[in-house]
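Each chain, letter by letter, is given below.
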Amino acid sequence: MHRISEESIGKLKSLGAKKVMIQAPEGLKMSLIGFSKQLEREGFEVLVSVEPCFGACDIRDMEAKALGCDALLHIGHTDFGVKPAIPVVYEPFKIEYDPTRLLKNNMEELKKYKKICLITTSQFLSSIEKAKAILEKNKIKIYTGGHARAGTIAQVLGCDYSAALPFEKEVDCFLYLGSGKFHPLGLAVKTPKPVLALDVEYNKIIDYTKEGEKLRRIKAWHIEKARDMKSFAIYISSKPGQMYANLARHAKKKLEAKGKSVTIIVADMLTKEKIMGMEIDCIINCACPRIWEDFRLFGKVILNPEDVEKL
Ligand code: SF4
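Definitions and cut-offs
Residues numbered from 1 in each chain as written. Predicted model: local features only at pLDDT ≥ 70, side-chain atom pairs only at ≥ 80, totals over all residues. Heavy atoms only, no water. Domains from an automatic or database assignment. Contact = heavy atoms within 4.5 Å. Buried area = accessible area lost by both parts, 1.4 Å probe. Salt bridge = Lys/Arg side-chain N within 4 Å of Asp/Glu carboxyl O. Nonpolar A, V, L, I, M, F, W, Y, C, P; charged D, E, K, R; others polar. Buried < 20%, exposed > 50% of the residue type's maximum accessible area, 1.4 Å probe, protein only. Helix = DSSP H or I, 4+ residues; strand = E, 2+ residues; numbered from the N terminus. Pairing = 2+ DSSP bridges. Right-handed = clockwise from strand over helix to strand, strands pointing away.

## Overview of the domain arrangement of the protein
Turning to step 1, where the next piece is worked out: Here the protein is described as being made up of domain 1 (6-91), domain 2 (100-207) and domain 3 (217-308).
Turning to step 2, where the next piece is worked out: For domain 2 and domain 3, the distance between their C-alpha centres works out to 31 Å.
Turning to step 3, where the next piece is worked out: Domain 2 puts eight residues into the contact, and the matching count from domain 3 is five residues.
Turning to step 4, where the next piece is worked out: Summing both sides of the interface, domain 2 and domain 3 together bury roughly 440 Å²; the carbon and sulfur share of this comes to 57%.
Turning to step 5, where the next piece is worked out: At the boundary of domain 2 with domain 3, the tally comes to zero salt bridges.
Turning to step 6, where the next piece is worked out: Each residue belonging to the side of domain 2 that touches domain 3 can be placed in one class, and the counts come to five nonpolar, two polar and one charged.

Below, the structure written as structure tokens:
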């Protein structure tokens with residue numbers, strides 16, 4: 001069972017916090033009661049948020065403040081740069097993973113590429129140096145870096161590929177070390193270069209290049225369809241790191257100048273049910289920029305603010 005680090009507990013104590021709210025992503029929900037008991041043993045009064053938590057864009061600082069908490073302990077993500085209403089202690093969830101075997105088993109495939117940009121998420125950051133050394137030993141030139149929003153070398157977020165995209169022209173492919181398709185697929189949508197994942201759960205390489213290309217084609221088709229649509233909703237999330245109100249205002253002006261009917265809608269998390277019965281042909285998503293990929297769940301065309309220019 002996972003435990004809260006001494007460092008985070010020390011930070012909460014040095015803030016003078018007495019009452020703390022904890023939040024964690026779905027994958028760590030089974031540890032939330034254990035986290036709560038651990039903090040209680042340290043003398044804190046604890047509230048556990050069980051709302052879904054998708055990233056450090058999604059901190060529950062306002063709720064914690066309204067409920068009288070002095071601090072929020074956000075587990076599983078690094079600081080996203082949100083200015084919180086109360087102090088937030090971030091406890092990234094680290095997995096000590098040795099990539100040696102996985103790399104060795106897939107080296108023949110990887111050696112087809114001479115220059116690779118290596119990326120990961122906060123969970124697997126401690127594996128990056130080892131993976132880099134092994135690949136370099138096999139005469140592959142490795143690129144890591146960029147200025148990730150999270151401020152850490154080689155780390156990407158689903159909405160921040162600044163640790164990868166600056167190397168697009170130089171490298172032969174991008175290599176993601178970690179689990180899940182969300183992060184490598186998000187990059188594959190943004191670049192025509194090959195995007196491979198060294199998947200630590202499936203123990204193999206998964207190529208996301210074609211899936212990214214398919215999503216790019218769907219987006220182009222949706223832009224085409226939206227040109228003839230009349231009724232637009234611009235969605236802003238009330239999550240503090242997804243509240244792009246200025247972008248929404250700007251998009252509204254642009255759309256109205258094109259003769260569209262536009263309404264700005266707000267929800268913590270948008271679902272099909274929340275907008276059922278409303279006359280909406282197309283949603284312009286000014287929240288998490290990855291929501292458009294779930295267009296099938298909404299049964300509607302979803303575009304991002306930058307797509308408005310193309311209508
Ligand atoms: S991809 Fe979306 S959910 Fe993830 S950090 Fe970015 S805005 Fe938040």
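## Observations concerning the pairing of strand S5 (residues 115-120)
Turning to step 1, where the next piece is worked out: Extensive coverage of S5 is indicated by the burial of five of its six residues.
Turning to step 2, where the next piece is worked out: Across three bridges, S5 lies against strand S6 (residues 141-143) in parallel orientation. Opposite Cys 117, over in S6, you have Tyr 143 as the bridge partner.
Turning to step 3, where the next piece is worked out: Running through helix H6 (residues 125-137), the crossover from S5 to the neighbouring parallel element S6 is right-handed.

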